[in-house]
Amino acid sequence: MNLRDPRTQMSWLLILIFSSAVFYQKDIFLFRNLIIATASAVFFDFLFLKIRKIELFPPAAAITTGVILSILMSPTLPVYELIISAGFAMFAKNFIKGVNRHTFNPAAFGALTTSLIFSHAVSWWAASFQSLSSIVFFLILVSPLLVSTIRLKRSMITVPFLFAYSLLMLVLNKIQILDSFFDPTVLFFALVMLPEPQTSPNKKGVQAAFGIFVATAAIIFSKILELDPLILALLTGNLLFYKVK
Amino acid sequence: MNKYLTIGAGVLVLAVIGWALFNNNATNKVQVSPTPSAVASPSAQPEAKEAKVNLTKAGFEPGALKIKVGTKVTWMNKSGATATVNSDPHPTHTLWPFLNLGKFEDGSSVSATFDSAGTYTYHNHLNPSQTGTVVVE
């Protein structure tokens, strides 16, 4: 695969994040989940492309989705749930779409759908421990900003989201701004999932609105629902901003 | 169009903040003892009930606990690493703020008293796949 492709670069950085989590947990068998999720995503992507009678192409996006799912889904879940989440993710990528692009962030769709069906929370296990006090882990966690924020110029999504989220958490929940801003899960979400190019706006003004909307929606959802607020807010934002590219 | 969307998003944020400022955010009564050693609840009844949950490498044990109203639950960290007890959902921890007991080191404990009936779910923020439920009757 082309190493200059941002999706390939993102995949490698995500694998690095996953690897750091395996190192932190001291359980090398966790790599099994990475392999299963990624292979499942590629399988289902190829399957659905065949069904759509589209020529197969290098599965860079599917690999990225698979790695994200392995980061999000608890390693204690049955393997079949990981496989099914990859199936739903690729279903969303291939079939829930408009003319040129899919509507929902595939990994978010797969994770939330599976959590609803099997009644478990999205874990974020591999993006939860990387506080500033563990600087190496932290730097690995935020390395995707080199791709999403700098290379793909998505800073107008990420930065407004982080500021809006942190401010709202302070005002509504009395959580210190820096605790929210540097929360590992929130950072991973803001740097990897939120600015996904296919499902986030391209225009600067709309990007900022998208980021602020998702932050606000996440806080509201967290107050009234027991579903993962970040994932649900992202999918809601994907839907509402779909036409506004 | 872009300008209006940005303004709209900003108005939405202000509306939410305004709603929060003019509302009492009612939560369960907080009986939190986030210090490393177990601390008795300030409003403990003379015959207050107690229950224990151990956090090991495998997770919270028992994962599902059933108790009576007024019971104090103590979480003991035996996982070998720093852990937390935090309300669901991750990472906002907003459903039951009284369960945001903060970090506790290996060998230490945190406690909370459940004064209202209901089902409460929590997790270890540093390893969110470790989850638990307390059913209060």
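Just above sits the structure.
All of these numbers come straight from a predicted model, not from anything done at the bench. (Residues numbered from 1 in each chain as written. Chains lettered and ligands numbered in written order. Predicted model: local features only at pLDDT ≥ 70, side-chain atom pairs only at ≥ 80, totals over all residues. Heavy atoms only, no water.)

Draft legend 1. Inspection of the overall build of chain A at higher detail. Counting secondary structure elements, chain A contains 12 helices and 0 strands. The secondary structure elements of chain A, listed N-terminal to C-terminal, are α-α-α-α-α-α-α-α-α-α-α-α. In terms of overall dimensions, chain A is globule-like: its C-alpha atoms have a radius of gyration of 17 Å, near the 18 Å expected for 245 residues. If one aligns the C-alpha atoms of chain A with their principal axes, the spans along those axes are about 50 × 45 × 40 Å. Going through the 245 residues of chain A one by one, you find that 60% of them count as buried. Residue pairs in contact within chain A that sit at least 24 positions apart in sequence constitute 75% of those at least 6 positions apart. Counting every atom, chain A has about 10200 Å² of accessible surface; 71% of that belongs to carbon and sulfur. Distance between charge centres in chain A, computed from 19 positive and 10 negative side chains, equals 12 Å. (Helix = DSSP H or I, 4+ residues; strand = E, 2+ residues; numbered from the N terminus. Rg over C-alpha atoms; globule rule 2.2 N^0.38 Å. Buried < 20%, exposed > 50% of the residue type's maximum accessible area, 1.4 Å probe, protein only. Contact = heavy atoms within 4.5 Å. Areas by Shrake-Rupley, 256 points an atom, 1.4 Å probe, with all protein chains shown as cover. Lys, Arg positive; Asp, Glu negative; His and termini not counted. Charge placed at Lys NZ, Arg CZ, Asp CG, Glu CD.)

Draft legend 2. Quick look at the pairing of strand S10 (residues 127-136) of chain B. All names here are of chain B. The element S10 is largely enclosed, with a buried count of 7 among its 10 residues. When strand S9 (residues 118-124) meets S10, the two strands line up antiparallel, connected through 7 bridges. When the sheet's bridge partners are listed, Thr119 is paired in S10 with Val135. The turn joining S9 and S10, which pair antiparallel and follow one another in sequence, is formed by 2 residues. (Pairing = 2+ DSSP bridges.)

Draft legend 3. Layout of the nonpolar core. Formed by 84 residues in total, the largest nonpolar core has its most connected members in Phe161(A), Phe188(A) and Met193(A). At 11 residues, helix H11 (residues 204-224) of chain A tops the list of elements feeding residues into this core. Ignoring any residue separated from it by four or fewer positions in sequence, one finds Phe188(A) in contact with Leu14(A), Ile17(A), Ile71(A), Leu72(A), Trp124(A), Ala127(A), Leu141(A) and Met193(A). Grouped together as the second largest cluster of nonpolar side chains are 23 residues, Phe60(B), Leu65(B), Trp75(B) and Tyr120(B) included. (Core = buried A, V, L, I, M, F, W, Y, C linked by side-chain atoms within 4.5 Å.)

Draft legend 4. Structural detail: the packing of aromatic side chains. Considering all chains together, one arrives at 29 aromatic pairs over all chains under this definition. Judged by centre distance (6.3 Å) and plane angle (80°), the rings of Trp124(A) and Phe188(A) are edge-to-face. With Trp124(A) in the loop between helix H5 (106-118) and helix H6 (135-142) and Phe188(A) in helix H10 (residues 184-193), the pair connects residues that are 64 residues apart, well separated along the chain. Taken together, the aromatic side chains of Phe60(B), Trp75(B), Trp96(B), Phe98(B), Phe114(B), Tyr120(B) and Tyr122(B) make up a single cluster linked through ring pairs. (Phe/Tyr/Trp six-rings, centres within 6.5 Å; stacked < 30°, edge-to-face > 60°.)

Draft legend 5. Local environment of the layout of surface pockets. Considered as a void within the structure, the largest pocket measures approximately 720 Å³ in volume. For the lining of the largest pocket, the secondary structure elements donating two or more residues are helix H8 (155-173) and helix H9 (177-181) of chain A together with strand S6 (83-87) and strand S7 (102-104) of chain B. Broken down by element, the lining of the largest pocket gets its largest block of residues, 3 residues, from H9(A). Residue classes in the lining of the largest pocket are distributed as 12 nonpolar, 13 polar and 3 charged. (1 Å grid on protein atoms, 1.4 Å probe; cavity = no way out; pocket = protein on both sides within 12 Å on 5 of 7 lines; lining within 4 Å. Points joined across faces, edges and corners; volume = space filled by probe spheres on them. Nonpolar A, V, L, I, M, F, W, Y, C, P; charged D, E, K, R; others polar.)

Draft legend 6. Here's a closer look at the sheet that holds S10(B). Residues and elements named next belong to chain B. In space, the 5 strands of this open sheet follow the order S4-S10-S9-S6-S7, with mixed pairing throughout. The open sheet has two edge strands with one neighbour each: strand S4 (64-67) and S7. For this sheet, the mean inter-axis angle between neighbouring strands, taken without regard to orientation, is 25°. Bridge count for S4 against S10 is 4 bridges, and the pairing is parallel. In the sheet register, Leu65 faces S10, and the bridge partner there is Val134. (Axes fitted to C-alpha atoms, helices over the stretch in contact; angles between N-to-C directions.)

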